Every structure is written in C-alpha cells, then in structure tokens.
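Structural description and commentary
Residues per chain, in single letters:
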Amino acid sequence: MALLKVKFNQKKRVKLAQGLWLMNWFSVFAGILVFSMGLFLKIELRKRSEVMDNSESHFVPNSLILMGILSCAFNGFAGKICYDSLDPAKFAKWKPVLKPYLALCFFFNILIFFVALICFLMRGSLDSTLAQGLKNGMKFYRDTDTPGRCFMKKTIDMLQIEFKCCGNNGFKDWFEIQWISNRYLDFSSKEVKDRIKSNVDGRYLVDGVPFSCCNPSSPRPCIQYQVTNNSAHYSYDYQTEELNLWRRGCREALLHYYSSMMSSMGAVVLLVWLFEMSVMVGLRLLHTSLESIANPEDPECESEGWVLENSLKDTLKSALESLKKIGKFNQVQAEAEGAEGEEGGKTPAITTVS
C-alpha cells in the first residue's frame, strides 16, 4: 500500500505545481538567510580568533554557508521543474532526472538536519577552545613589543570591557601570570626583587588585575592592586565584600554569547529543514501524479500521487535487501579475484632427469 496516496485532477495538479514553485522561491530566500547567518557567525568568530585555541569552531559557520549555497541551487532548480510541469511537453524532459534529484534532496535534508543539531551541540567543543585560547592570550598580555603579539593587550582589555568579564574563569586567574611587562618594572626596587625571587619561575606575580576588569558601576574606586590584602584598604574584606571587579570569567561570557547565537541559528535551520521536507514531499507527489496519468493525451484525466510506492516498512525492507545483494555481489567478486590470484601464484614443478 502506497504511503500518502492522494488523488489529483488537472486543477489540483496545477495548484500543487504553482504552490511548489512559490515555496521553492521562498526556500531560495531561506537559503540566502542561512548563508548570511553562517557568514555573520564566521565574522564574529574571526573577531576573537586570537583568544581561541583552534579553528574547530568554524565548522558550524562553514556548514551554514555551504547549506545556504546548496539550498539556493537545489530550490532554484526545483522551481524551474515546477514551472515546466504546467506544460506536459516541457515536463517530459525532466522525467529522467527527477528520481535522482529527489534522492539528492533526501540526502541534502539529512545534512540540513545534521547541521541544525551541530548548532546545538557545539557548546562543549567551543568551551575547550575558549578555555585554552584565553589562557594563552592572557600569557601574552604583557608582550606589547613582541611581533605578532603587539595587540594582545588591547584585544584582552577590549574583550573584558565589552563582555563585562575578568580573566579566564575569574579575576584570580590574573594572579597566576605575569601580566606586567619587565620594561615597566624597577629591578632596583627591593619589593620587585623579592617578588621575583619568591617565585620559582622568576616571574613578577601580584594579586592585581588589569584596569579593564574594573566595574565602572561600583560606587567604590576600583581596587585593582592588592585585591586580597584587607589591610591595604580601609573598611575592606575581599572575602565578604562585593568587589568592584567583574565577577564573571570571560570564558563563561563568550561561551554564553556564542552558544545563544548558535542555538538561535540552529532553531532557524530546523525551521528551514521542515520547510525543505514539505517541499520535497510536494515535489514527489507532483512527480508521481504526473507519471501516473493513464492517458498523456488527455491532461484533464485524474491520476494518483504518492510519497512512497509501498509502505514505509516494505520500502525499508526492500532497501535492506538491495544492500545485502550488493554486499554479496562484492564478496563473491572478491573471492573470485582471490581464487584467480592463487591460481596465478602457483608455479609448475620442474623435474630434472639426470
């Protein structure tokens, strides 16, 4: 029994073709939207590529760009088919390519669904990318004179100001690295010498943070240095007082920003996928309804259209049997080639009579 069997007359076939033509052009615009989203996300990721460890995060925008281009191509082609289907003479030339085209549409829709899922599931990979990238970026904060790292200080400062964050996981991350360049340290000072000697790696570590960690909304002047030293500030307890530094780490801030963006894009791609599925089903109904016309010379006669010629269960069963036959054929062919190789490898014995 056919799946989604529908009876059509000429009027219904024309309406279906016209509706599909319109839907395909809407899908072209949806493809442009998906392409634009991928391009926008790629630009946003490139803006902060200096604080990202690798390029794995670009898999999502690259996939969106590719799906957008393919969507425009597939739906533009389908729109032409639907337009020509109004004329039986023009439709005849598309008959040989419709089945392969519908098969390609099926795999294309699987890819769109996969890309939508990836948009929701990339959070874990993005988290590790940001964590390592920010850690490395903070190490190079002081290298303002080193080629290739001159702008890292500006990048980190602008990032902390824009996203209202501090450090990788929090402001205490700055305590573990030397973020002040040696050129701004007075090595004749006893305090500087003691701090450097007290550290195994010979680094100048302080319980302070860059100015960009300060929260301008705080009524108290920014406590940027000696953050954990209660005696250095009047009426101050760093463990209980709400510090006037940004509490959230930049990894969490960026992860939330990009994750929410990708989730929104994933929802849009999922809607596009549903729309593409409906277009594919409609095109299949149009294809079968035109092919099943009993008398091609009488275009007004009724016909039947369906999505699958047999039930879903029977279709899957026949597909599995076809795959098994292909597997058996390959196995027999491989065995035959192996047997030929064995026969070819045998050398006749030569008996020497003396």
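Because the structure is a prediction, the values reported are computed rather than measured. (Residues numbered from 1 in each chain as written. Predicted model: local features only at pLDDT ≥ 70, side-chain atom pairs only at ≥ 80, totals over all residues. Heavy atoms only, no water.)

1. Points about the UniProt feature "transmembrane region" (unreviewed entry) in the protein chain
The condition that has to hold: UniProt positions are given in the numbering used here, feature names are shortened, and annotations may be inferred rather than shown by experiment. Numbered from the N terminus, helices here are DSSP runs of H or I no shorter than four residues, and strands are runs of E no shorter than two.
Listed under "transmembrane region" (unreviewed entry) in the UniProt record, and renumbered for this structure, are residues 20–41, 101–122 and 255–275. The distance from the first to the last C-alpha atom of residues 101–122 is 31 Å, and the span holds 95% helix and 0% strand.

2. Some words on the nonpolar core
So the rule is basically this: Side-chain atoms within 4.5 Å link the members of a nonpolar core, which is a set of buried Ala, Val, Leu, Ile, Met, Phe, Trp, Tyr and Cys residues. For each residue, the accessible area found with a 1.4 Å probe, counting protein chains only, is set against the maximum for its type, and the residue is called buried under 20%, exposed over 50%, and partly exposed in between. Per the annotation, domain bounds derive from an automatic or database assignment of domains. Residues are treated as being in contact if the distance between any of their heavy atoms lies within 4.5 Å.
Within the largest apolar cluster, 77 residues are counted, with the highest numbers of intra-cluster contacts made by Leu41, Val60, Leu64, Trp174, Val209 and Leu254. Among the elements of the structure, helix H1 (10–47), helix H2 (59–84), helix H4 (95–121), helix H5 (123–139), helix H6 (152–163), helix H7 (190–197) and helix H8 (250–291) are those that each provide at least two residues to this core. Residue contributions to this core peak at 15 residues, all from H8. Each of domain 1 (3–137 + 252–306) and domain 2 (171–247) accounts for three or more of the residues forming this core. The residues contacting Leu41, other than those within four sequence positions of it, are Val60, Pro61, Leu64, Tyr258, Met261, Met262 and Met265.

3. What about the confidence of the model for the protein chain?
Using the following cut-off: A residue's pLDDT is simply how confident the predictor is in it, with values from 0 to 100.
With 80% of its residues at a pLDDT of 70 or more, the protein chain shows a mean pLDDT of 82. Mean pLDDT in the protein chain bottoms out at helix H9 (residues 312–345), which sits at 59, and peaks at H6, which reaches 93.

4. Quick notes on a nonpolar patch on the surface
Note the following rule: Each patch is assembled from residues with relative accessible area greater than 30% and no salt bridge, linking like charges that lie within 9 Å and nonpolar side chains (Val, Leu, Ile, Met, Phe, Trp, Tyr) that lie within 5 Å. Exposure was quantified through the Shrake-Rupley algorithm and a 1.4 Å probe, taking into account, for residues, occlusion by the shown protein chains and nothing else. Any Lys or Arg side-chain nitrogen found within 4 Å of a carboxyl oxygen on Asp or Glu counts as a salt bridge.
A cluster of nonpolar side chains, contributed by Trp21, Leu22, Trp25, Phe26, Phe29, Ile32, Tyr83 and Leu86, occupies part of the molecular surface with about 830 Å² of accessible area. By residue number, the principal contributor to the nonpolar patch is H1, which donates six residues. Looking at the secondary structure, you find Trp21 in helix H1. By relative accessible area, Trp21 is classed as partly exposed at 36%.

5. Let's talk about the environment of Arg183
With respect to the helices and strands, Arg183 occurs in the loop between H6 and H7. In this structure the C-alpha to C-alpha distance between Arg183 and Arg142, which are 41 residues apart in sequence, comes to 9.7 Å.

6. Things to note about the state of the cysteines
For the record, the criterion: By convention in this document, the label disulfide applies to cysteine sulfur atom pairs within 2.5 Å.
One pass over the full model with this rule turns up three disulfides. Paired through a disulfide, Cys165 and Cys250 show a sulfur-sulfur distance of 2.1 Å. Taking the sign of the S-S torsion, about 85 degrees here, the bridge from Cys165 to Cys250 comes out right-handed. Of the two residues, Cys165 sits in the loop between H6 and H7 while Cys250 sits in helix H8, which places them 85 residues apart along the sequence. Accessibility assignment for this pair places Cys165 and Cys250 in one class, buried.

7. Quick look at the packing of H1 against H2
The line we're drawing: Axis angles are defined between N-to-C directions and span 0 to 180 degrees, where every axis is a line fitted to C-alpha atoms and, for a helix, only to the segment in contact. Roughly parallel refers to an angle under 35 degrees, roughly antiparallel to one over 145, roughly perpendicular to one between 65 and 115, and oblique to any angle outside these ranges. Note: crossing handedness is left-handed where the near helix turns anticlockwise from the far helix by less than a right angle, and right-handed where it turns clockwise. Side-chain classes follow a simple rule in which Ala, Val, Leu, Ile, Met, Phe, Trp, Tyr, Cys and Pro form the nonpolar group, Asp, Glu, Lys and Arg form the charged group, and the remainder, Gly included, forms the polar group.
It is the contact of H1 with H2, at a shortest axis distance of 7 Å, that shows an interaxial angle of 165 degrees. On the basis of the axis angle, H1 is roughly antiparallel to H2. Seen along the crossing, H1 lies across H2 with a hand that is left-handed. A class-by-class count of the residues in the contact of H1 with H2 yields 21 nonpolar, ten polar and one charged.

8. Observations regarding the pattern of salt bridges
Under the definition given, this model contains eight salt bridges. For Arg48, the salt bridge is made with Glu162, and the minimal N-O distance between the two is 3.1 Å. Of this pair, Arg48 sits in the loop between H1 and H2 while Glu162 sits in helix H6; the two residues are 114 residues apart in sequence, bridging distant segments of the chain. Its relative accessible area of 8% is what places Arg48 among the buried residues. In this structure, Asp194 engages Lys190 in a salt bridge whose closest nitrogen and oxygen atoms are separated by 2.8 Å. Linking Asp194 with Lys190, this pair stays in helix H7, spanning four residues, or about one helical turn.

9. A word on the packing of aromatic side chains
Note the following rule: Stacked, tilted and edge-to-face pairs are distinguished by plane angle, under 30 degrees for stacked and over 60 for edge-to-face with tilted covering the rest, among Phe, Tyr and Trp rings (Trp via its six-membered ring) whose centres lie within 6.5 Å.
On inspection of all chains with the given rule, the structure shows twelve aromatic pairs. Measuring from ring centre to ring centre gives 4.8 Å for Phe113 and Trp273, while their planes differ by 45 degrees; the resulting arrangement is tilted. With Phe113 in helix H4 and Trp273 in helix H8, the pair connects residues that are 160 residues apart, well separated along the chain. Here Phe113 falls in the partly exposed class, since its relative accessible area comes to 32%. Between Tyr141 and Trp179, the aromatic rings sit 6.3 Å apart at their centres with planes inclined by 75 degrees, giving edge-to-face as the arrangement. Pair noted here: Tyr141 is in the loop between H5 and H6 and Trp179 is in the loop between H6 and H7, with a separation of 38 residues, a long-range link. Trp179 gets classed as buried once you look at its relative accessible area, which sits at 8%.

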